[in-house]
Amino acid sequence: MMDKKNIDWSNIGFGYMQTDKRYVANYKDGTWSEGVLTEDANITMNECACVLQYAQTCFEGLKAYTTEKGDIVTFRPDLNAERMIDTAKRLEMPPISKEQFLDAVKQVVEANAAYVPPYGSGATLYLRPYMFGSNSVIGVKPADEYQFRLFCTPVGPYFKGGAKPITIRVCDFDRAAPHGTGHVKAGLNYAMSLHAIVDAHNQGYDENMYLDAATRTKVEETGGANFLFVTKDGKVVTPKSDTILPSITRRSLMYVAKEYLGLEVEEREVLLSEVSEFTECGLCGTAAVISPVGKIVDHGKEICFPSGMDEMGPVIKKLYDTLTGIQMGRIEAPEGWIYKIC
Ligand code: PLP
Ligand code: COI
């Protein structure tokens, strides 16, 4: 066993902690350079860099885990690579190849193995690949030079309280427009959500439920996770929309629900007006894993799920245990889901 850093793994939250090495590659004259690892966590660029003026930036998020056997693995990083390619194309950025993305993941995790939280600690190593337009641009157009970076930071639960159900509100601000960028992981989507999340926190809510911007009748997602609902008869339902991020966690959970737990699953439009009929609700994503939602407040009207405010409902709990079991090597994974790093 290698020496781990002296960190109180079980008590860290979802925050940034600088680690030893990160990966950097540059795009210039039409090609991506071979990447290198660097100890320099800071970036220097021109005042007129496209990312600074016109927010030409995108990112991904995935995690590395220590399994029960002591291996260090990542979960479906190929899907993050593919999504970053889709995002880059939508933002007129040069996609980085899947091979280079996966190599960056491997190099960074290996180089920071001392920061991968031990098995059973409840923490994981969060990986943050990102890319931005780095040369100066003053007329509105894409950059022609870019930087891709990937750093990592150990993290605990995204929501304070871990598995405790959270309270969210139906939000009056929109996150994504029809035919906009809601389906890709553009930094600008998160910029859009900053005012809404500060306002939600000020009002005592943990997160925002965004509705479809066109009709404001359909459930979309939160600022950083997709929704899962459970019906009275045990079916798992998730909203289908062209303006939400195609969560890798959600896609994996729908598979797990069907193939591992034998549940019925449905990806379809979900109306806000039917949410009160569900028995359980959860938020799913890399950072959120599955965070149970106990209550949704719609302009003073409370929707309280029968699972309550103390613990996860039974179906969400089963999904959580199965997914984390697969990620930590306690349960056999579907072929190709687990990438062993070292
Ligand atoms: N939705 C949004 C807006 C997100 O930022 C994320 C996080 O990546 C997700 C959903 C969950 O996606 P994933 O499961 O791929 O992490
Ligand atoms: C992730 O889950 O990886 C995300 O990018 C969500 C972000 C809000 C932390």
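Sequence order as written defines residue numbering, which begins from 1 separately in each chain. Each chain takes a letter, starting from A, and each ligand takes a number, starting from 1, following the order in which they are written. Under the rules for a predicted model, residues below a pLDDT of 70 receive no local features and side-chain atom pairs below 80 are neither given nor counted, while totals for whole chains, interfaces and linings still include all residues. To obtain the side-chain values, all non-hydrogen atoms of the structure were included, while hydrogens and water were left out.

## Some remarks on the pairing of strand 14 (residues 280-285)
Accessible area is worked out with a 1.4 Å probe on protein chains only. A residue is then buried under 20% of its type maximum, exposed over 50%, and partly exposed in between. Helix and strand definitions follow DSSP, with helices as H or I runs of at least four residues and strands as E runs of at least two, each counted in order from the N terminus. Of all 6 residues in strand 14, 6 are buried, a share of seventy percent or more. Side chains Glu-280, Gly-282 and Cys-284 project from strand 14 onto one buried face, and the interleaved Cys-281, Leu-283 and Gly-285 project onto a second face that is buried too. DSSP calls a pair of strands paired once it identifies at least 2 bridges connecting them. Examined bridge by bridge, strand 11 (residues 226-230) and strand 14 share 5 bridges and lie antiparallel to one another. The residue bridging Asn-226 from the neighbouring strand is Cys-284, located in strand 14. Pairing geometry for strand 14 and strand 15 (residues 289-298), over 4 bridges, is antiparallel.

## Topic: unusual backbone geometry
Here the phi dihedral of Ala-55 falls at roughly 55°; this positive angle occurs in a residue that is not glycine. Inspection of the secondary structure puts Ala-55 in the loop between helix 1 (50-54) and strand 4 (57-59).

## Here's the deal with the site of ligand 1
One heavy atom suffices: a residue is near a molecule or strand as soon as one of its heavy atoms comes within 4 Å of it. With respect to spatial proximity, 17 residues lie near ligand 1, and among them Tyr-190, Glu-221, Ser-247, Thr-249 and Thr-286 are the closest. For ligand 1, a nitrogen atom lies 2.6 Å from a polar atom in the side chain of Glu-221. At a separation of 2.5 Å, an oxygen atom of ligand 1 approaches a polar side-chain atom of Thr-249. Relative to its unbound accessible surface of 380 Å², ligand 1 loses 96% to contact with the protein. Every element with two or more residues in the shell around ligand 1 is listed here: helix 5 (248-259) and strand 14. Here the residues of the shell around ligand 1 are counted per class, giving 5 nonpolar, 8 polar and 4 charged. Whenever a nitrogen or oxygen atom comes within 3.5 Å of another N or O atom, the pair is scored as a polar contact, on the condition that within protein one atom can donate a hydrogen and the other can accept it, and that pairs from neighbouring residues in sequence are kept only if both atoms are in side chains. What sets the accessible areas is the Shrake-Rupley method with a 1.4 Å probe; for residues, cover comes only from the shown protein chains. Here the term charged refers only to Asp, Glu, Lys and Arg, the term nonpolar to Ala, Val, Leu, Ile, Met, Phe, Trp, Tyr, Cys and Pro, and the term polar to all other amino acids, Gly among them.

## Observations concerning the site of ligand 2
Every residue near ligand 2 is listed here: Phe-14, Phe-59, Gly-61, Tyr-126, Arg-128, Tyr-158, Lys-185, Gly-224, Thr-286 and Ala-287. Between ligand 2 and Lys-185 there is a distance of 2.7 Å, counted from an oxygen atom to a side-chain nitrogen or oxygen. Note that an oxygen atom of ligand 2 is positioned 3.5 Å from one of the backbone N or O atoms of Thr-286. Across the shell around ligand 2, the residue classes break down as 5 nonpolar, 3 polar and 2 charged. Here the limits of each domain have been adopted from an automatic or database domain assignment. For the shell around ligand 2, the two domains that each supply at least three residues are domain 1 (9-155) and domain 2 (166-327).

## Things to note about the pattern of salt bridges
Should a side-chain nitrogen of Lys or Arg be within 4 Å of a carboxyl oxygen of Asp or Glu, the pair is scored as a salt bridge. Per the stated rule, a full pass over the model turns up 19 salt bridges. Its salt-bridge partner being Asp-20, residue Lys-5 comes within 3.5 Å of it at the nearest N-O pair. In this pair, Lys-5 sits in the segment before strand 1 (22-28) while Asp-20 sits in the segment before strand 1, placing the two residues 15 residues apart along the sequence. For Asp-20, a relative accessible area of 33% translates into the label partly exposed. The shortest N-O distance in the salt bridge between Arg-268 and Glu-274 comes to 3.0 Å. The class for Glu-274 is buried, based on a relative accessible area of 16%.

## Thoughts on helix 2 (residues 77-90)
Along its 14 residues, helix 2 runs 20 Å from first to last C-alpha, staying within 8% of the 20 Å computed at 1.5 Å per residue. The buried fraction of helix 2 is high, at 10 of 14 residues. Two residues or fewer after helix 2 comes Glu-92, characterised by a positive phi angle close to 55°. To estimate how far a helix should extend, the number of its residues minus one is multiplied by 1.5 Å.

## Section: the domain arrangement of the protein chain
Once the domains are mapped, the protein chain shows domain 1 (9-155) and domain 2 (166-327). With 21 residues of domain 1 at the contact, the number on the domain 2 side is 22 residues. Simply put, the buried area is the total loss of 1.4 Å probe accessible area from both parts when two parts are fitted together. Across the domain 1/domain 2 interface, buried area totals approximately 1,700 Å², and carbon plus sulfur atoms make up 65% of it. Counting the surface domain 1 buries against domain 2, the share from its top three residues, Phe-59, Phe-75 and Arg-83, is 35%. Our enumeration of links across domain 1 and domain 2 arrives at 0 salt bridges. Mapped by element, the contributors of at least two residues to the side of domain 1 that touches domain 2 are strand 4, strand 5 (62-66), strand 6 (72-75) and helix 2. Here the element with the most residues in the side of domain 1 that touches domain 2 is helix 2; it accounts for 6 residues. Residues count as neighbours in contact if any of their non-hydrogen atoms are within 4.5 Å of one another.

## Remarks on the state of the cysteines
Two cysteine sulfurs form a disulfide in these notes if their separation is within 2.5 Å. One pass over the full model with this rule turns up 0 disulfides. Here Cys-50 stays unpaired: no disulfide links it, and the sulfur of Cys-48, its closest cysteine neighbor, is 8.6 Å away. With relative accessibility at 2%, the residue Cys-50 sits in the buried group. Unpaired in terms of disulfides, Cys-304 finds its nearest cysteine sulfur in Cys-281, a separation of 12 Å. Residue class for Cys-304 comes out partly exposed when judged on its relative accessible area of 48%.

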